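Chains, contacts and geometry: an overview
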Amino acid sequence: MDTLIEAAQQTQQTVQKKTRMSGAEAMVRCLIEEGVDLMFGYPGGAIMPVYDELYKFQNQLEHILVRHEEGATHAAQGYARASGKVGVCIATSGPGATNLVTGIADAMIDSTPMVCITGQVPKHLLGTDAFQEVDVISVTIPVTKWSYQITEASEIPSVMAKAFYVARSGRPGPVVIDITKNAQFEELDFEYEKCHKISSYVARPAIEMEQVEAAADLINSAKRPYILFGQGVILAEAEAELKELVEKAGIPAAWTIMGLSAMPTNHPLNVGMLGMHGNYGPNVMTNECDVLIAIGMRFDDRVTGNLAKYAKQAKVIHFEIDPSEIDKNVPTELAVLGDCKEALQAILPLIKENSHVEWLNRFRECDKEEYEKVIKGETNPRDGELRMGEVIRELNDLTDGDAIVVTDVGQHQMIACRYAHFNKTRSNITSGGLGTMGFCLPAAIGAKMGAPDRTVVAVIGDGGFQMTIEELGVILQSGVNVKILILNNSFLGMVRQWQQLFFDKRYASTEMVNPDFQLIAQAYSIACKRVEERSDLAASLKEMLEHDGSFLLEVVVGKENNVFPMVPSGAGVAEIRLE
Amino acid sequence: MKTTYTISIFTDDRVGMLHRVTSCFTRRKVNIESLTTSVSEVEGIHRYTILVEMELESEVKKLANALEKQVEVHKVFYHTEDDIVYQEIALYKVPTEAIVQGDAEHIMRAHHARILTVEPTFTVFEKTGHRAETQALFEALEPYGILEFVRSGRVAIMKPTRRLSEYMEELALAAAN
């Protein structure tokens with residue numbers, strides 16, 4: 001009976017909701033229906049009708065004008081990663097759309113929920129090489145979770161509902177919606193119904209209890225269990241469940257850089273970072289554990305090194321929402337398919353309280369060695385040039401691990417991920433899978449807008465900064481408060497490091513003659529400072545953090561410092577080099 | 001040593017789907033030996049039959065998983081030759097004069113081929129069968145001068161007897177979770 005009444009009410013509501021309007025207005029109303037209140041974009045001919053509606057709806061839906069469409073995608077990514085909401089960006093057809101591709105690929109490989117709207121030439125001009133016509137659907141197919149070209153206004157509500165559902169559900173990812181100009185002008189009877197399922201698409205595989213029980217048995221009987229966690233924990237909001245598992249079973253846990261901040265840095269069972277520039281213990285112990293428990297991570301090659309030498313002795317349990325990740329890189333003993341929050345909730349009652357003190361101590365022994373050989377000199381050098389690691393240590397002392405740290409790609413990224421402290425989840429935002437230089441500045445702008453109450457520090461190299469330097473214009477125009485920390489070594493440092501180690505110091509095209517970043521900051525009315533002396537570092541970082549508004553702090557660091565430890569390309573994780 | 005796998009993909013029927021399907025092959029640099037698309041027994045569901053030659057079954061499985069991950073792909077199967085019943089169709093256009101002078105009847109009988117049309121200048125033969133069989137007829141007709149030849153992609157029926165609709169019901173249930 002209740003159901004009948006509800007159905008009747010729903011029908012009534014639907015009837016009331018039907019309104020005649022243009023496709024362009026419908027697009028904007030769809031965004032509002034999906035809870036979007038902020039988007040990033042750049043206007044142009046083929047998307048102008050939608051922009052006209054954005055003008056009308058500006059009180060409900062803020063639009064941030066970026067300076068290059070790539071900036072819109074990274075800002076949307078930063079926004080999504082900091083807030084947990086879907087990032088939205090919008091661009092015109094042709095070059096506007098193709099400029100989005102890097103950010104879309106980045107969001108794809110890092111599972112970031114994003115909806116990109118691109119204008120398109122009118123339907124009757126499709127395929128005619130019309131002005132600013134690019135087949136953006138074909139261009140983006142390999143780097144989108146889903147895409148659709150709207151050519152009739154009537155398609156808009158259902159397609160947009162599906163777009164948001166696909167972007168945010170399951171393993172999140174980017175969706176491209178290309179809309180022809182005629183569909184923006186045409187009228188439709190608008191009604192909106194959110195999408196909750198698609199018959200061909202399993203967003204959250206049901207947890208199989210048999211697998212959960214088998215996993216629990218394996219974990220309970222393990223002598224040297226070891227947890228590797230990735231961004232899946234953050235995406236599923238399973239941080240509390242992860243912590244409970246780690247503590248209850250007393251298992252050392254290490255993170256991928258996409259999983260960083262899902263567990264506080266100072267947790268006694270947090271043993272550090274995996275991978276090529278990760279910590280010593282987490283890499284070496286991968287080949288010593290008896291049960292390897294991977295949670296929401298995908299065994300990226302930067303994590304595993306040479307697969308033929310990876311955890312061959314271990315039984316691998318893989319908690320994963322995406323079936324195509326199972327056995328993709330590392331063969332599993334058993335897989336628990338599904339949302340990792342649900343899976344961890346299911347397994348927790350079956351886990352016996354335990355501790356593995358001796359096993360944990362082996363990680364700590366490694367830590368001591370790494371501290372003596374690498375960390376001490378990197379974070380507390382007595383003399384010589386400034387080092388990236390000490391900048392991050394000073395930053396930790398001032399932020400107490402409460403800031404969101406956004407990084408670009410390269411040496412500074414590895415150093416920041418290795419040494420930054422985090423107390424809260426969703427605090428590390430970086431381009432992990434794609435390694436997109438230029439990611440940081442726009443992503444930091446988006447992150448601050450997605451988490452306005454938090455301090456956002458953009459740690460950037462001098463190379464990556466110049467790739468999207470134009471987004472300083474967004475800071476100027478919007479007044480968003482981002483702390484820009486440039487670690488300037490006047491080199492493309494990571495490539496130079498490889499040239500030093502593997503190409504006999506032939507520094508091909510890696511040394512940079514940089515502009516005066518102080519003058520650039522001033523041109524954008526951004527407060528700034530340059531630090532060259534150790535004695536000025538702490539006070540300058542404090543000034544940056546305490547400044548009311550954006551601040552650009554350029555720290556001149558050693559030109560030829562290297563990031564260690566390092567698992568050389570092609571080597572196994574146990575062959576990690578400390579120097 | 002490469003093995004022939006027949007991949008059967010069931011998808012929604014819409015513009016651009018073929019591109020999405022083939023991009024899964026392209027990015028792994030897997031060559032498509034033949035490709036056929038058609039409707040299936042379930043309304044609105046399109047079927048792709050794609051032939052690949054690959055060395056490791058584990059790689060075929062990864063490819064199938066990547067295909068199945070696409071939002072509008074309902075189900076993917078892959079099979080070796082033993083698990084399917086399959087055919088290809090080939091058409092051969094040869095000069096009528098040459099055929100009349102030669103031993104056309106014998107060739108046709110030997111190969112279980114059919115004549116589709118006889119025109120004053122050319123004749124079109126049709127042969128349905130496995131690759132080796134259509135190839136054998138090609139070789140038999142070659143001395144007569146083949147004016148034109150075309151062979152379809154493989155179509156294949158899977159031997160396991162579960163209905164597609166049953167898989168789809170399961171999938172719909174899982175999608176609603």
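Within every chain, residues take consecutive numbers counted from 1 along the sequence as written. Working convention: letters from A go to chains and numbers from 1 go to ligands, in the order in which they are written. Predicted model: local features are reported for residues with pLDDT of at least 70 only, side-chain atom pairs are reported and counted for 80 or more only, and whole-chain, interface and lining totals are derived from all residues. Side-chain descriptors were evaluated using all non-hydrogen atoms of the structure, hydrogens and water having been removed beforehand.

Section: the pattern of salt bridges
A pair is scored as a salt bridge if a Lys or Arg side-chain nitrogen falls within 4 Å of a carboxyl oxygen belonging to Asp or Glu. Under the defined criterion, the tally for this structure stands at 46 salt bridges over all chains. Here Arg364 of chain A and Asp367 of chain A are joined by a salt bridge, their closest N and O atoms 2.7 Å apart. With Arg364 of chain A and Asp367 of chain A both in helix α16 (residues 357-379) and three residues apart, this pair spans about one turn of that helix. Where Arg393 of chain A meets Glu394 of chain A, a salt bridge forms, and the shortest distance between an N and an O atom there is 3.5 Å. The buried label goes to any residue with under 20% of its type's maximum accessible area, the exposed label to any with over 50%, and the partly exposed label to all in between, with areas taken from a 1.4 Å probe on protein chains only. Judged by its relative accessible area of 18%, Glu394 of chain A is buried. Salt bridges sharing partners connect three or more residues here, namely Arg171, Asp322, Glu325 and Lys328 of chain A together with Lys69 of chain B. Only DSSP runs of H or I reaching four residues or more are called helices, and only runs of E reaching two or more are called strands; each is numbered from the N terminus.

Some thoughts on the sheet that holds strand β2 (residues 34-39) of chain B
Sheets are built from strands paired through backbone hydrogen bonds, the pairs being either parallel or antiparallel. All names here are of chain B. Strand pairing follows a simple DSSP-based rule, namely that at least 2 bridges must link the two strands. Strand order in the open sheet formed by four strands is β2-β3-β1-β4, and the pairing between neighbours is antiparallel. Bordering the open sheet on either side are β2 and β4 (73-79), each of which pairs with just one other strand. The average undirected angle you get between the axes of adjacent strands in this sheet is 15 degrees. Inspection of the sheet shows strand β1 (residues 3-12) paired to strand β3 (residues 45-54) by ten bridges, in the antiparallel sense. Residue pairing across strands places Ile9 opposite Tyr48, the latter belonging to β3. All axes are obtained by fitting lines to C-alpha atoms, using only the stretch in contact for helices, and the reported angles, taken between N-to-C directions, cover 0 to 180 degrees.

Some remarks on the interface of chain A and chain B
Contact with chain A, which involves 26 residues of that partner, is made by 20 residues of chain B. In this description, buried area is defined as the sum, over both parts, of the accessible area (probe of 1.4 Å) that is lost when the two are combined. Broken down residue by residue, the surface that chain A buries against chain B is led by Ile141, Ser199 and Ser200 of chain A, which jointly contribute 28%. At the boundary of chain A and chain B, one finds two salt bridges. Note that Glu72 of chain B and Lys162 of chain A form a salt bridge whose closest N and O atoms lie 3.3 Å from each other. Polar contacts here mean pairs of N or O atoms no more than 3.5 Å apart (in protein, one a potential hydrogen donor and the other a potential acceptor; neighbouring residues in sequence count only if both atoms are side-chain atoms). Here chain A is connected to chain B by nine residue pairs in polar contact (both at pLDDT 80 or more). Among the elements of the structure, β6 (146-150) and α8 (156-168) of chain A are those that each provide at least two residues to the side of chain A that touches chain B. Broken down by class, the residue content of the side of chain A that touches chain B amounts to twelve nonpolar, six polar and eight charged. Residue contacts follow a heavy-atom distance rule, with two residues in contact if any of their heavy atoms lie within 4.5 Å. For this classification, the nonpolar set comprises Ala, Val, Leu, Ile, Met, Phe, Trp, Tyr, Cys and Pro, the charged set comprises Asp, Glu, Lys and Arg, and every other residue, Gly included, is treated as polar.

Brief notes about a negative patch on the surface
A cluster of like negative charges, contributed by Glu208, Glu210, Glu213 and Asp217 of chain A, occupies part of the molecular surface. Relative to the helices and strands, Asp217 of chain A resides in helix α10 (residues 209-221). Patch membership needs two things, relative accessible area over 30% and no salt bridge, and members are linked within 9 Å if like-charged or within 5 Å if nonpolar (Val, Leu, Ile, Met, Phe, Trp, Tyr). We get accessible surface area from the Shrake-Rupley algorithm with a probe of 1.4 Å; when it comes to residues, only the shown protein chains can shield them. None of His or the chain ends enter the tally, which takes Lys and Arg as positive and Asp and Glu as negative. Where a charge lies is defined by one atom per residue type: Lys uses NZ, Arg uses CZ, Asp uses CG and Glu uses CD.

Points about the domain arrangement of chain A
Residue and element names in this part refer to chain A. Taken as a whole, chain A is organised into domain 1 (17-190), domain 2 (209-362) and domain 3 (384-569). Note that the domain bounds reflect an automated or database-derived domain assignment. The centre of domain 2, based on its C-alpha atoms, is set 30 Å off from the matching centre of domain 3. Listed as interface residues are 21 residues of domain 2 and, on the opposing side, 24 residues of domain 3. Taking both partners together, domain 2 and domain 3 bury about 1800 Å²; carbon and sulfur atoms supply 60% of that area. One can count zero salt bridges joining domain 2 with domain 3. The tally of links between domain 2 and domain 3 comes to eleven residue pairs in polar contact (both at pLDDT 80 or more). For the side of domain 2 that touches domain 3, the secondary-structure elements that each account for two or more residues are α11 (231-235) and α13 (280-284). Residue classes in the side of domain 2 that touches domain 3 are distributed as eleven nonpolar, seven polar and three charged.

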